[in-house]
Amino acid sequence: MTEYNILILTAPSGHMTLARAARSYLEDIPGVRITTLDLAGHHIEWSLFRILYRYLPSLMRIPYEITRNPHTLNMVKNNNIRRFETLLPSILEKEAPDLVITTYHGYIAVLDRVKDHYKFKYINSLSDPVSPHPILFSRSADYNIGFSEASCKVGNKLNISPERIVPAGLLTMRCFFEQQPLAEIRQKLKLKDQLTLLVCAGSEGSNAILNLLPVLFFTKHSRTFQVIFITGHNHTLANAIRRTYRLAARFN
């Protein structure tokens, strides 16, 4: 059987989550070889991103708005081209992929440049489900997969063919759609069979969810419930939640 090569290009945090979700639907297909590469995670801006995302998430809006300007957007794209214009083609030559999936915008400018020189199919997964930024779109991808019709509207403004934009939701790992041993999970996590709230802070763990604690911990409620917090890699956030809970337990 001829091997079908798939190359998934990604970056840390939520971009890696999207990559793992895509891989979960492909890895059981016979005759398929999948390679996942993060070519961006070692760059210094990711350290800055983690600090802003965890402690000052509202400031993330500033670079978002600045880079919507066409001139600034071209500067970012040109920087990405300089960064990956040698590395990425060499990887494409080595891997000889039949399909390339990218979950990080940093590779798009180079992929758009070289796509016509290769035979691979190209899928671009937009990493922002709420407010898709122009930098997330590829003009040469066979499909830009967005979360909702909002991605179609942005794509139309960029003069990207409607056939190349698919509002198909956010890539989610296959296990989330499979039957799970609920009783076993409840026992393992010491959960009761009652109303359960799940609070997610992203893979980096945003401190913004601390704003929920006064309502959850210090307010009297007519119904008992339990809360699960997912704090990603942010151990400081996890400890802050534990300390606040212990304090609230004295009063409520």
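First things first, this report covers the structure right here in the doc.

The rules behind each value
Sequence positions are assigned chain by chain, starting from 1 and proceeding in written order. Per-residue local features are limited, in this predicted model, to residues with pLDDT of at least 70; the limit for side-chain atom pairs, both in listing and counting, is 80 or more; totals at the level of whole chains, interfaces and linings are taken over all residues. Values reported for side chains reflect all heavy atoms of the structure, with hydrogen atoms and water molecules removed beforehand. Strands are runs of DSSP state E lasting at least two residues, helices are runs of H or I lasting at least four, and both sets are numbered from the N terminus onward. To sort residues, take the accessible area from a 1.4 Å probe on protein chains only and compare it with the maximum for the residue type: under 20% means buried, over 50% means exposed, and anything in between is partly exposed. When checking whether two residues touch, look at their non-hydrogen atoms; a contact exists if any pair is within 4.5 Å. Note on areas: these come from Shrake-Rupley sampling with a 1.4 Å probe, and a residue is covered only by the protein chains present in the view. Under the convention used here, Asp and Glu are negative, Lys and Arg are positive, and both His and the chain ends fall outside the count. Charged side chains are reduced to one point each, which is NZ for Lys, CZ for Arg, CG for Asp and CD for Glu. Residues with no salt bridge and a relative accessible area higher than 30% make up the patches, which join like charges within 9 Å and nonpolar side chains (Val, Leu, Ile, Met, Phe, Trp, Tyr) within 5 Å. In the sections that follow, a salt bridge refers to a side-chain nitrogen of Lys or Arg positioned within 4 Å of a carboxyl oxygen of Asp or Glu. By the criterion applied in these results, polar contacts are pairs of N or O atoms within 3.5 Å in which, for protein atoms, one can donate a hydrogen and the other can accept it, and in which residues neighboring in sequence qualify only through two side-chain atoms. By convention a nonpolar core is built from buried Ala, Val, Leu, Ile, Met, Phe, Trp, Tyr and Cys residues, the set being connected through side-chain atoms within 4.5 Å. Here the expected span of a helix is defined as 1.5 Å times the quantity of residues minus one. Here, the arc refers to the directions that run from the helix axis to the C-beta atoms. Only when DSSP finds a minimum of two bridges between them are two strands counted as paired. Axis lines are fitted through C-alpha atoms, for helices just across the contact stretch, and the angle between N-to-C directions can take any value from 0 to 180 degrees.

## Description of the overall build of the protein chain
Assigned secondary structure in the protein chain consists of 10 helices and 8 strands. Projecting the C-alpha coordinates of the protein chain onto the three principal axes gives extents of approximately 65 × 50 × 35 Å. Looking at the 252 residues of the protein chain, the share that counts as buried comes to 38%. Counting only contacts in the protein chain whose residues sit at least 6 apart along the sequence, the fraction spanning at least 24 positions is 62%. In the structure as shown, the protein chain presents an accessible area of about 15,400 Å², 57% of it carried by carbon and sulfur atoms. Computed over 30 positive and 20 negative side-chain charges, the separation of the two mean positions in the protein chain equals 11 Å.

## Notes on helix 1 (residues 14–24)
Among all positions of helix 1, only His15, Met16, Leu18, Ala19, Ala21, Ala22 and Ser24 are buried. The inward-facing, buried residues of helix 1 abut strand 1 (4–10), strand 2 (32–38), helix 2 (45–55), strand 3 (99–102) and strand 4 (121–125).

## Quick look at a positive patch on the surface
Residues Arg242, Arg243, Arg246 and Arg250 make up a contiguous surface patch of positive charge. Relative to the helices and strands, Arg243 resides in helix 10 (residues 235–251).

## Points about the side chain of Lys115
Following the sequence through the fold, Lys115 ends up in the loop between helix 6 (108–114) and strand 4. Buried charged residue Lys115 carries no salt bridge. Nearest counter-charge: Asp142, at 4.1 Å. A polar atom in the side chain of Lys115 sits 3.3 Å from the backbone oxygen of Phe120. Excluding residues within four positions of it along the chain, Lys115 makes contact with Phe120, Tyr122, Ser140 and Asp142.

## Side note on the nonpolar core
Counting 22 residues, the largest nonpolar core has Leu9, Leu88, Tyr107 and Leu111 as the members making the most contacts within it. Secondary-structure elements contributing two or more residues to this core are strand 1, helix 4 (70–84), helix 5 (87–95) and helix 6. Among the elements that take part in this core, helix 6 stands out by supplying 5 residues, more than any other. In contact with Leu88, not counting residues within four places along its chain, are Leu9, Leu39, Tyr107, Val110 and Leu111.

## A short note on helix 4
Over its 15 residues, helix 4 extends 21 Å from the first C-alpha to the last, a length consistent with the 21 Å expected when each residue adds 1.5 Å. Listed in full, the buried residues belonging to helix 4 are Leu73, Asn80, Ile81 and Phe84. Projected onto a plane normal to the axis of helix 4, the buried residues spread over an arc of 105° and lie on a single side. Projecting away from the buried face of helix 4 at angles above 90 degrees are the exposed residues His71 and Arg82. Between a side-chain oxygen at the N-terminus of helix 4 and the backbone nitrogen of His71 the separation is 2.9 Å; the capping residue is Asn69.

## Structural notes on unusual backbone geometry
For Ala96, which is not glycine, the phi torsion reads 45° and is therefore positive. Note that Ala96 resides in the loop between helix 5 and strand 3. What makes Ala96 partly exposed here is its relative accessible area of 44%. Even without a glycine there, the phi angle at Asn159 is positive, about 60°. Of note, Asn159 is situated in the loop between helix 7 (149–157) and strand 6 (165–167). Overall, Asn159 belongs to the exposed group, its relative accessible area being 67%.

## Focus on the sheet that holds strand 1
Overall, parallel pairing links the 6 strands, which are arranged 2-1-3-4-5-6 in an open sheet. Here the strands that pair on one side only, and so sit at the sheet edges, are strand 2 and strand 6. On average, each strand axis in the sheet is inclined to that of its neighbour by 20°, with strand direction left out of account. Of the strand pairs in this sheet, strand 4 and strand 5 (residues 143–146) are connected by 3 bridges, and their pairing is parallel. Looking at strand 5, one finds that Ile123 is bridged to Tyr143. The strands touched by helix 7 within the sheet are strand 5 and strand 6, with strand 6 carrying the most contacts at an inclination of about 160°.

## What to know about the environment of Met60
When you line up the elements, Met60 lands in the loop between helix 2 and helix 3 (61–66). Along the primary structure Met60 and Phe49 are separated by 11 residues, whereas in three dimensions their C-alpha atoms are 8.4 Å apart. Once residues lying within four places of it in the same chain are set aside, the contact partners of Met60 are Phe49, Leu52 and Tyr53.

Without other data, these values stay purely geometric and don't point to any function.
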